[in-house]
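# Examining the three-dimensional arrangement
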2 protein chains.
Amino acid sequence: MTTTTSPTVTTGPMPASAKVYRSGVIHPQIRVPMREISVHPSAGEPAVTVYDPSGPYADPTAGIAIGRGLPRLRETWIAALGDTEAYDGRDLQPADNGFVSADRLTPKFPLSHRPRRAIGGKAVTQIAYARAGIVTPEMEFVAIRENLGREMLKDKLARDGESFGAAIPDFVTAEFVRDEVARGRAIIPANINHPELEPMAIGRNFLVKINANIGNSAVTSSMAEEVEKMVWAIRWGADTVMDLSTGRNIHNIRDWIIRNAPVPIGTVPLYQALEKVGGVAEDLSWEIFRDTLIEQAEQGVDYFTIHAGLRLRHIPLTVDRVTGIVSRGGSIMAKWCLHHHRESFLHEHFEDICQIMRAYDVSFSLGDGLRPGSVADANDAAQFAELETLGELTRIAWQHDCQVMIEGPGHVPMHKIRENMDKQLEVCGEAPFYTLGPLTTDIAPGYDHITSGIGAAMIGWFGTAMLCYVTPKEHLGLPDRDDVKTGVITYKIAAHAADLAKGHPAAKLRDDALSRARFEFRWEDQFNLSLDPDTARSFHDQTLPKEAHKLAHFCSMCGPKFCSMKISHDIRDAARAEAGMAEMAGKYRDGGDLYMPVQEEP
Amino acid sequence: MTTTTSPTVTTGPMPASAKVYRSGVIHPQIRVPMREISVHPSAGEPAVTVYDPSGPYADPTAGIAIGRGLPRLRETWIAALGDTEAYDGRDLQPADNGFVSADRLTPKFPLSHRPRRAIGGKAVTQIAYARAGIVTPEMEFVAIRENLGREMLKDKLARDGESFGAAIPDFVTAEFVRDEVARGRAIIPANINHPELEPMAIGRNFLVKINANIGNSAVTSSMAEEVEKMVWAIRWGADTVMDLSTGRNIHNIRDWIIRNAPVPIGTVPLYQALEKVGGVAEDLSWEIFRDTLIEQAEQGVDYFTIHAGLRLRHIPLTVDRVTGIVSRGGSIMAKWCLHHHRESFLHEHFEDICQIMRAYDVSFSLGDGLRPGSVADANDAAQFAELETLGELTRIAWQHDCQVMIEGPGHVPMHKIRENMDKQLEVCGEAPFYTLGPLTTDIAPGYDHITSGIGAAMIGWFGTAMLCYVTPKEHLGLPDRDDVKTGVITYKIAAHAADLAKGHPAAKLRDDALSRARFEFRWEDQFNLSLDPDTARSFHDQTLPKEAHKLAHFCSMCGPKFCSMKISHDIRDAARAEAGMAEMAGKYRDGGDLYMPVQEEP
């Protein structure tokens, strides 16, 4: 067996950034993290507060020790509710790590914690508490987090956007969060066995979130790499992380990830279940699947992708597709259904699954096993038939006080994205939509972060609550650390563009601060306020590396003579000096006729 | 003086691709280039024909010699019309190359050709011929080029899309092209002094085109680099190239570029004019500008950005903007206007400019000097006031039988893009729109190919005819060769996504061919059919480098056990075997109720 090594991960603050924490009012003990990016004193502007899922890793005062895990901040919150109990939990089986030989076994996480579960069949979910009128610490945490200190900027916030029927408030209160969760319009994925979590919400009336996928495969694998990928992904802005590992050591790697994750961790339990039966889909059974759910729920997985919407009768609808069934989970279940010629155990045992989910507060991410894998298959009968079933399952899950979101495609050309979003809202009762892309064309492998970034921005605008990233390696290989970063930044762009277009009250503050920095040649501020300061700085420095150029009133694009912004400053002074011009411009803006100054004869 | 060196450029075919040429019917002498991408014989499919602006460089049978220039194929077409004459042309002035010293002078292009111009004030423009009912060789060339051999695939073409009022025909005839050009809804930028050009059209009812900007600056410069950037940009799909040089040697570098360019070359003549007056905007004059227009028209520039829409009365509208005036041309002219307190010479002499444009068939690209440089300034009074003026100028240019397109922004959040497009269509009488991006957020310098690719795809869908690329270096530095490629591929994605969404009849053929290759594990075909085969292949090979893996029925993403496509093939066979299932699926697709097979008891 390998000796226990504690992997190193990326730590340290982002440039010009301070991690700050805000306390609760209802729950004074909560400490809600945000990032404040300071700007040059010459700007005379306050620091810009941005949403920050990076956890303690970016906090220089936090002592990080991967072998110990993050502080278990929710432990007291959960215990205080009095609805759960600690118990011994399931014994680790050789199958859990794919029967890996001792010399290849990823070491166990050094500390073990007894798992908790609901007492006496209670639902210990955020939706159950919300419906009971209880504002949990998680809900207040989310409210403070979403506001980003907006209360101090109230007079600056002009709403401007088109939200397609979303109900984004000017100001998020804890009560608003409770109500959204109670209605099922938002979820707070927060397994009671993942107390290290900093709670966040996924819902159409909150900021658009993004997910990054990590995970080893049968071809390549390392625990240290995957833990660092998780830390790296959240450093750049991933709001949740899915561990899609399919190789050996799945259980132990997941333990290391969850114990060090401040963000919700999602999985597709079917992948591990399939490993347990040696990769033979037909050998899967409810018993093995159920056991896997318990195993992962005890570890603290916050949401499970469950492909229960794929029904036997849907499968023939895929026969004439250009790309058949492209969801791994979907294809595995379809194979099982056809072999046994019966409905899947996921569908048959859906209510049993609900019982497990509510005992740990694992959220459903109802999988789209029949998502289109090509633009030719977008919005087809198979996809929409499954979506209707997902709507039925959503209502069942809600009856059991379970939190639910719905997974979506896939490959969808631009003109079919809105239809897909509207259909989801309609048939799934506004449960949050969580989409992969969608990719708007099939012809650019190697650039599918971009083909899908286009679709992601649009569907995020139309109402999708969380966007699952796509990396440049999509369709071609497993993403490495650089690909993870590119995928995350691309999806932060898509999510932010969506927030802007929806008219999210505070979204534009960062754009405006960066644009003012740009116009005032505060290069350092421009870098620091950007999504990726390191890249912005290095691109600038390729042609103008000297420190003095950071103060220069031009850049290498146009050079000093052609700098429009430099000229624009001269103009601004001149234009302001022009007696009456600004006033006349005001009249023009108010709808008057075009202002025609009397021409002076030269 | 530097000795004459002939720079080397990238040549050779794209993978699995053959350059083919189609002849005309009205004009049998024309040879319209296309690229045919062949697929593996096992597919039993024809080669996929794609639009190909790369010119002879990708044709292994073409002898490329940069010092000689490309074949002057349009010379006989132009001469045959009998409306033009060769003349001695303007003498080269030291100012034309920015008074560069002899030791730094870029050598003259080795061959010189006498320029041509219209005889007796005639309009020798494509729109003039179109209005006279003449189908020029350029028009038939464009018709064949746009169809991409569609006549052979007629029965395969199902229209599916939303074109927002565009009038895209099933099949493009030469007469359709003539009519679109006559109406001003499309332009064929084709200076009579650029006979090396392979004609192309820019219009809402044709394929969406993309432009790549190249050009040296005061900070960095080399003729060989710029020529290679042009060849490199068209290799990856740029339909036109703008030479935005602002440093010394402008004239000579441009000569090398145009003589070797099979695509239209655009410029902003103001940049060279400003160099001629030592960079002092106030010293610009109509005489210097006019002289520059003649100089560049004689060289063969196909379209000029002219910022004639920026009027004195618009300038005060920019005073309260977050980023003022960000267009270089706009800021230069605004400075001139304020200094002299009069309307710009571009506006005052607009009809004089028309006279020059029609004598050489240089197309107008009416510049948006007041485009927004931040999302805060999008669709504001300044931008729209200028756009209205551009509409007025469009009508004047049309009266002079000049071809016109309109430049657009800039930075625009998603919810304001449609408004911008609709406004342009309305006030500019459907003259083609040519937009930079737009960038949908300001917060991602270093990734503005992506922030803008999102906006470009959307505005292309809504009706923009040509998309001006943005590279990762935007706002930070001058793009290098890699940045040019990234920008071009990103914009090919945006343009193609737009064509798909508009329902362009043939756009989906390439997607479907690639998706079939993907589903059938024809890895080589998947690479070859992609926009960037080199990158797709190298990403795949990073984890599975062996040749055998090019035939493997899985990849490193999921490994063999989890390959959904592999499983999907098994399913397809099983599902097809299921008696009645496919038939019932058919019934479902036809609107019947959900098919519920009788459950066999296991």
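To keep things clear, this report deals only with the structure shown in the data block. All values derive from a computational prediction rather than experimental measurement.

### Topic: helix α4 (residues 174-183) of chain B
For an α-helix, the turn length of 3.6 residues means that residues three or four places apart are oriented alike. All names here are of chain B. With seven of its ten residues buried, α4 lies for the most part within the structure. The complete set of buried residues in α4 reads Ala174, Phe176, Val177, Arg178, Glu180, Val181 and Ala182. On the buried face of α4, the contacting elements are α2 (126-131), α3 (137-147) and β6 (186-187). A positive backbone phi angle near 80 degrees is found at Gly184, which sits one or two residues after α4.

### A look at the sheet that holds strand β12 (residues 363-366) of chain A
Residue and element names in this part refer to chain A. Read around the closed barrel, eight strands run β8-β9-β10-β11-β12-β13-β14-β15, paired in parallel fashion. Strand-to-strand twist in this sheet, taken as the mean axis angle between neighbours without regard to direction, amounts to 25 degrees. As paired strands, strand β11 (residues 303-306) and β12 are joined by four bridges and run parallel to one another. Its bridge partner being in β12, Phe304 is matched across the sheet by Phe364. Of the strands in this sheet, β8 (209-214) and β9 (240-243) touch helix α5 (residues 223-235), which is tilted by about 165 degrees from β8.

### Looking at the pattern of salt bridges
A full pass over the atoms with the stated rule returns 88 salt bridges over all chains. Glu524(A) is the salt-bridge partner of Arg537(A), the closest N and O atoms lying 2.8 Å from each other. Within this pair, whereas Arg537(A) is found in helix α18 (residues 533-543), its partner Glu524(A) is found in helix α17 (residues 523-529), the two being separated by 13 residues in sequence. By relative accessible area, which is 24% here, Arg537(A) ends up partly exposed. Arg522(B) is the partner of Glu45(B) in a salt bridge, and the nearest nitrogen-oxygen pair spans 3.8 Å. Placement of Glu45(B) in the loop between β2 (31-37) and β3 (48-50) and of Arg522(B) in the loop between α16 (508-519) and α17 (523-528) is noted, with a sequence separation of 477 residues between them. Linked through salt bridges whose partners overlap, the residues forming this network are Arg90(A), Asp96(A), Arg254(A), Lys276(A), Asp291(A) and Glu295(A).

### Some remarks on the nonpolar core
A general feature of soluble globular proteins is that nonpolar side chains tend to end up buried together. Counting 330 residues, the largest nonpolar core has Phe289(A), Phe364(A), Met414(A), Phe289(B), Phe364(B) and Met414(B) as its most contacted members. Leave out the neighbours within four places in its chain, and Phe364(A) touches Phe304(A), Ile306(A), Phe350(A), Ile353(A), Cys354(A), Met357(A), Ala397(A), Cys402(A), Gln403(A), Val404(A) and Met405(A).

### So, the pairing of β9(A)
All names here are of chain A. Here β9 shows no split at all, with Thr240 and Met242 on one side and Val241 and Asp243 on the other all buried. Sheet topology note: the β8/β9 ladder contains four bridges and is parallel. Looking at β9, one finds that Asn213 is bridged to Met242. Alignment of β9 against strand β10 (residues 265-267), held across three bridges, turns out to be parallel. Among the inter-strand pairings, Met242 is bridged to a residue of β10, identified as Gly266. Tracing the backbone out of β9, into helix α6 (residues 250-259) and back to the parallel element β10 gives a crossover that is right-handed.

Basis of the calculations
Once a new chain begins, its residue numbering starts again from 1 and follows that chain's sequence as written. Chains carry letters and ligands carry numbers; both start at the beginning, A for chains and 1 for ligands, and go up in the order they are written. Local features in this predicted model are restricted to residues whose pLDDT is 70 or higher, and side-chain atom pairs enter the listing and the counts only when it is 80 or higher, whereas totals over whole chains, interfaces and linings include all residues. Note that water and hydrogens are dropped before the side-chain values are worked out from all heavy atoms of the structure. Summary of the burial criterion: residues with accessible area below 20% of their type's maximum are buried, those above 50% are exposed, and those between are partly exposed, where the area comes from a 1.4 Å probe applied to protein chains only. A run of H or I in DSSP counts as a helix once it spans at least four residues, and a run of E counts as a strand once it spans at least two, with each numbered from the N terminus. Contact definition: two residues touch when any of their heavy atoms are within 4.5 Å. Between any two strands, pairing holds if DSSP finds at least two bridges. Note on definitions: angles span 0 to 180 degrees between N-to-C directions of axes, and those axes are lines fitted to C-alpha atoms, for helices only across the stretch in contact. For salt bridges, the criterion is a side-chain nitrogen of Lys or Arg within 4 Å of an Asp or Glu carboxyl oxygen. What makes a nonpolar core is a set of buried Ala, Val, Leu, Ile, Met, Phe, Trp, Tyr and Cys residues whose side-chain atoms join them at distances within 4.5 Å. With the strands aimed away from the viewer, a crossover counts as right-handed if its path from the first strand over the helix to the second runs clockwise.

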